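Now for the letters of each chain:
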Amino acid sequence: MSTVYNTRAPFKEAIIYQIYPASFHDSNGDGYGDLNGIRSKLDYLQSFGADVLWLSPIYKSPLKDMGYDISDYKAIDERYGTLADWDALVADLHGRGMKLMMDLVVNHTSDQHEWFLASRSAKHNNPKRHWYIWRPPKYAADGSRLPPNNWASEFGGSAWEWDERTQEYYLHLYVREQPDLNWENPEVREAVWELMLWWLGRGADGFRMDVINLISKTPGLPDAEVVDQSTPFQPGYAHYVNGPKVHEYIQEMHRRVLSSYPSAITVGESPFSHDAAELIKYVHPSRNELHMVFQFELADLDSHAVNALIPATYTLPAFKRIVSKWQKYMHENGGWNTVYLENHDLARSVSRFLGFRTRHLRARGAKLLAILQTTQGGTLYVYQGQELGLANVPSQWPIEEYKDVATVNFYNEMARRRSKASVNPDMRDILDGINRKARDNARTPMQWDNTPHAGFTTATLPWMRANDEYPVWNAKAQVGDKDSVHAFWKSAIALRKSHLVFIYGDFELLSPEHESIFAYTRTLNDFVALIILNFSKKGVEYGHAIAAGTKLARLVESNVGRGADSKDVDLSEFIMELEPYEGRVYLAGD
């Protein structure tokens with residue numbers, strides 16, 4: 001056990017609720033969610049148990065990637081409101097003892113940002129030219145122009161875009177409208193520190209840092225290894241994930257910015273890396289970098305290596321091994337975990353991990369996942385609508401309903417490839433994968449009630465269609481219903497906050513190869529929690545022995561409303577019958 005891990009801190013015990021502003025609540029009837037819409041729902045959020053709100057980007061943006069392409073870091077996009085609206089939201093939150101985290105997107109900007117407009121204006125005698133990553137072309141034997149290297153963009157095609165005016169390519173790891181900043185340039189870093197200080201000085205309480213582990217690239221930008229012969233463009237992760245100077249840059253960030261705001265919460269997004277020994281470098285307190293990172297090993301479990309929109313099968317033992325790996329590694333080595341199953345980039349957890357849509361056991365399954373999350377060590381993150389057990393969009397939705405650039409680009413590319421063999425290619429398998437995995441599953445309007453568009457907006461049409469299930473699955477139907485998913489989440493959060501063993505305790509996986517049961521213990525001083533989760537649609541008998549001598553534990557949480565069957569269990573040896581998707585939490589020592 002690491003004493004560093006067990007050192008209490010407010011960020012560790014906070015419940016952080018992520019809001020996707022475009023889809024949360026529209027206050028002015030224009031079809032987009034906005035800051036005043038968020039303000040109108042603060043009673044709901046506070047009563048649920050949220051301590052911190054994390055907002056996905058609300059800065060001025062052309063929305064080529066839904067706000068992750070920022071054209072002005074110090075302006076609120078007019079869709080969401082004004083700086084005065086932001087100030088009012090912060091004042092309301094602080095008045096309630098709550099906090100606000102902003103989304104910091106500084107691996108890249110929009111191509112409409114004034115920095116990039118200046119950078120591409122001239123090749124020579126241009127003070128902004130080296131704020132971005134520009135390179136001359138290569139040429140094939142036949143004289144045709146080629147990109148500087150073979151890196152692929154995450155959203156398809158080359159990671160390089162030709163600029164006709166200056167006759168060079170610029171790097172964009174994501175869409176071409178998101179040019180990568182050149183972090184080697186100290187002027188770029190100074191500009192980032194300045195904008196961070198500006199927001200913190202205005203009242204922001206921290207940052208979620210988008211793809212922060214990609215900001216340092218390998219010198220020389222060498223070609224990536226060829227792993228896919230079907231395309232000239234290859235994943236270049238080896239040359240920009242956890243790059244050679246990334247920790248130097250983040251430590252500089254800490255010295256120049258974060259050390260002046262010690263209570264500011266920091267969480268870094270760290271995709272494309274499952275190496276715990278590498279990722280702990282970002283979060284160990286001795287290194288003065290960040291509080292925590294989002295690792296993606298569990299999120300990637302059901303994704304094909306070629307593309308996240310192609311589903312992959314997995315087993316419960318594999319799922320358990322990943323959870324156990326991160327729970328134990330961070331605990332034993334002084335790091336800190338983020339605990340999440342959903343965010344704006346992931347499909348809904350009840351659909352991904354349980355396969356539910358409208359089946360009668362869906363509410364029980366959603367509560368099962370709530371138990372899983374609220375009994376793990378680390379900072380707990382809840383994504384909007386997750387507390388209601390919201391599911392993916394209907395499988396009947398056509399591709400035209402999807403808005404996400406990653407989804408649309410992937411579908412179009414697969415259609416292009418298949419059209420070479422057929423005039424009307426069969427795209428059903430691709431659309432099925434999109435339905436199961438697309439980011440848009442999490443981005444539909446928040447389901448507030450059963451009025452048109454789920455009570456999200458009074459507009460004739462919202463920016464995105466509401467999930468068809470909203471007449472039944474909505475907040476109004478659940479708030480106040482003691483048997484609802486929402487009520488269960490509130491209870492589970494209250495249990496977590498009242499027992500530190502769920503936040504700081506040792507983690508020990510039981511029965512790692514069991515195909516149906518996910519069972520583990522959490523131990524802190526004299527407290528022992530036993531968590532048993534049946535991930536099967538069938539009833540299962542389960543028994544184990546986890547303590548020497550008699551040690552009774554009482555049932556403190558169950559998702560099947562147990563009454564007469566709520567007897568204590570003897571941790572020295574027990575056996576029990578669990579219903580389909582039943583979860584139980586036992587606690588000893590209180």
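The rules behind these values
Residues numbered from 1 in each chain as written. Predicted model: local features only at pLDDT ≥ 70, side-chain atom pairs only at ≥ 80, totals over all residues. Heavy atoms only, no water. Helix = DSSP H or I, 4+ residues; strand = E, 2+ residues; numbered from the N terminus. Rg over C-alpha atoms; globule rule 2.2 N^0.38 Å. Contact = heavy atoms within 4.5 Å. Areas by Shrake-Rupley, 256 points an atom, 1.4 Å probe, with all protein chains shown as cover. Lys, Arg positive; Asp, Glu negative; His and termini not counted. Charge placed at Lys NZ, Arg CZ, Asp CG, Glu CD. Pairing = 2+ DSSP bridges. Phe/Tyr/Trp six-rings, centres within 6.5 Å; stacked < 30°, edge-to-face > 60°. Lys NZ or Arg CZ within 6 Å of the ring centre and 35° of its normal. Core = buried A, V, L, I, M, F, W, Y, C linked by side-chain atoms within 4.5 Å. Buried < 20%, exposed > 50% of the residue type's maximum accessible area, 1.4 Å probe, protein only. Polar contact = N/O pair within 3.5 Å; in protein donor to acceptor, adjacent residues only side chain to side chain. Salt bridge = Lys/Arg side-chain N within 4 Å of Asp/Glu carboxyl O. Axes fitted to C-alpha atoms, helices over the stretch in contact; angles between N-to-C directions. Parallel < 35°, antiparallel > 145°, perpendicular 65-115°, else oblique. Left-handed = near helix turned anticlockwise from the far one by under 90°. Nonpolar A, V, L, I, M, F, W, Y, C, P; charged D, E, K, R; others polar. Expected span 1.5 Å × (residues − 1).

(A) A look at the overall build of the chain. A count of helices and strands for the chain gives 17 helices and 23 strands. Here the C-alpha atoms of the chain give a radius of gyration of 24 Å, agreeing with the 25 Å that 2.2 N^0.38 yields for 590 residues. By principal-axis analysis of the C-alpha atoms, the chain measures approximately 80 × 55 × 50 Å. Residue pairs at least 24 apart in sequence account for 71% of intrachain contacts in the chain once pairs closer than 6 positions are excluded. With an accessible surface of roughly 22,800 Å², the chain has 50% of that area assigned to carbon and sulfur atoms. Taking the average location of the 63 positive side-chain charges in the chain and that of its 75 negative ones, the two points are 1 Å from each other.

(B) Summary view of the sheet that holds strand β21 (residues 569-570). Judged by pairing direction, the sheet is antiparallel, and its 6 strands sit side by side in the order β16-β17-β18-β23-β20-β21 without closing on themselves. Edge positions in the sheet fall to β16 (506-510) and β21, since each has one partner strand and no second. Inspection of the sheet shows strand β18 (residues 527-534) paired to strand β23 (residues 583-588) by 6 bridges, in the antiparallel sense. When the bridges of β23 are listed, I532 appears paired with R584.

(C) Layout of the sheet that holds strand β9 (residues 160-163). With antiparallel pairing, 3 strands are arranged side by side in an open sheet as β6-β10-β9. Both edges of this open sheet fall to β6 (134-135) and β9, since each of them pairs with a single strand only. Two strands pair when backbone bridges link them, and β9 and strand β10 (residues 168-171) are joined in this way by 4 bridges, in the antiparallel orientation. Its bridge partner being in β10, D163 is matched across the sheet by E168.

(D) Broad picture of the packing of aromatic side chains. Taken as a whole and assessed by the stated rule, the structure comprises 40 aromatic pairs. Centre to centre, the rings of F296 and Y340 are 6.4 Å apart; their planes meet at 70 degrees, and the pair counts as edge-to-face. Remark: Y340 occurs in the loop between β14 (338-339) and α11 (349-354) and F296 occurs in the loop between β13 (292-294) and α10 (316-333); sequence separation between them is 44 residues. Linked through ring pairs, Y59, Y73, W86, W115, W131, W198 and W199 together constitute an aromatic cluster. Geometry around W134 places R129 over its ring, the cationic atom sitting 3.6 Å from the centre. Positioned above the aromatic ring of W162 is the side chain of R145, whose terminal nitrogen or guanidinium carbon lies 4.0 Å from the ring centre.

(E) Spatial organisation of the nonpolar core. In terms of nonpolar packing, the biggest core is built from 157 residues, with Y17, L53, W86, M196 and F518 touching the most fellow members. Looking at which element gives the most residues to this core, the answer is helix α7 (residues 186-202), with 8 residues. Not counting residues up to four positions away in its chain, the partners in contact with F518 are L316, F319, K320, V323, L372, F507, L509, I531, I532, L533 and F535.

(F) Local environment of the environment of K217. Within the secondary structure, K217 is located in the loop between β11 (206-209) and α8 (246-256). Judged by its relative accessible area of 7%, K217 falls in the buried class. The spacing of K217 and A276 is 59 residues in sequence and 20 Å in space, taken between C-alpha atoms. Here D180 takes part through its side chain, which lies 2.9 Å from a polar atom of the side chain of K217.

(G) Summary view of the side chain of S516. Tracing the backbone through its elements, the reader meets S516 in the loop between β16 and β17 (517-524). Leave out the neighbours within four places in its chain, and S516 touches L316, L533, N534, F535, S536 and V540.

(H) Geometry of the environment of F353. With respect to the secondary-structure elements, F353 resides in helix α11. For F353, a relative accessible area of 8% gives the class buried. Here the alpha-carbon distance between F353 and L316, two residues 37 residues apart in the chain, equals 9.5 Å.

(I) Fine view of the side chain of K320. Within the secondary structure layout, K320 lies in helix α10. Here K320 occupies a buried position and makes no salt bridge, while the nearest side chain of opposite charge, E513, is found at 7.3 Å. Here the side chain of K320 touches I517 through a polar contact of 2.8 Å, landing on its backbone oxygen. Ignoring anything within four residues of it in the chain, the contact list for K320 reads L509, S511, P512, E513, H514, I517 and F518.

(J) The packing of helix α13 (residues 405-418) against helix α14 (residues 428-437), seen in detail. The contact between α13 and α14 brings their axes to 10 Å, and the two run at 165 degrees. Taken together, the axes of α13 and α14 lie roughly antiparallel to each other. Helix-helix and strand crossings are classified by hand; for α13 and α14 the assignment is right-handed. Contact residues: α13 offers T407, F410, Y411, M414 and R418, while α14 offers D429, I430, L431 and I434.

(K) Summary view of unusual backbone geometry. With phi around 50 degrees, M66 is a residue other than glycine that occupies positive phi space. On the basis of relative accessibility, which here comes to 14%, the residue M66 falls in the buried class. Non-glycine residue N125 carries a positive phi angle of around 50 degrees. With respect to the helices, strands and loops of the structure, N125 is situated in the loop between α6 (114-119) and β6. The class of N125 is exposed, set by a relative accessible area of 83%.

(L) Structural context of the packing of helix α12 (residues 362-374) against helix α16 (residues 485-498). Where α12 contacts α16, the two axes come as close as 10 Å, and the packing angle between them is 15 degrees. Classified by the angle between their axes, α12 and α16 sit roughly parallel to one another. As α12 packs across α16, the resulting crossing turns out to be right-handed. Residues A363, A366, K367, A370, I371, Q373 and T374 of α12 touch α16, and the partners they reach there are V485, F488, W489, A492, I493 and R496. Partitioned by chemical class, the residues of the contact of α12 with α16 number 9 nonpolar, 2 polar and 2 charged.

(M) Geometry of α10. Between its first and last C-alpha, α10 extends 26 Å over 18 residues, near the 26 Å set by a 1.5 Å rise per residue. Of the surrounding elements, those touching the buried residues of α10 are α9 (276-283), α11, α12, α17 (501-504), β16 and β17. Where α10 terminates, the next one or two residues include G334, which has phi positive at roughly 85 degrees.

Don't take any of this as a statement about function, it's just geometry.
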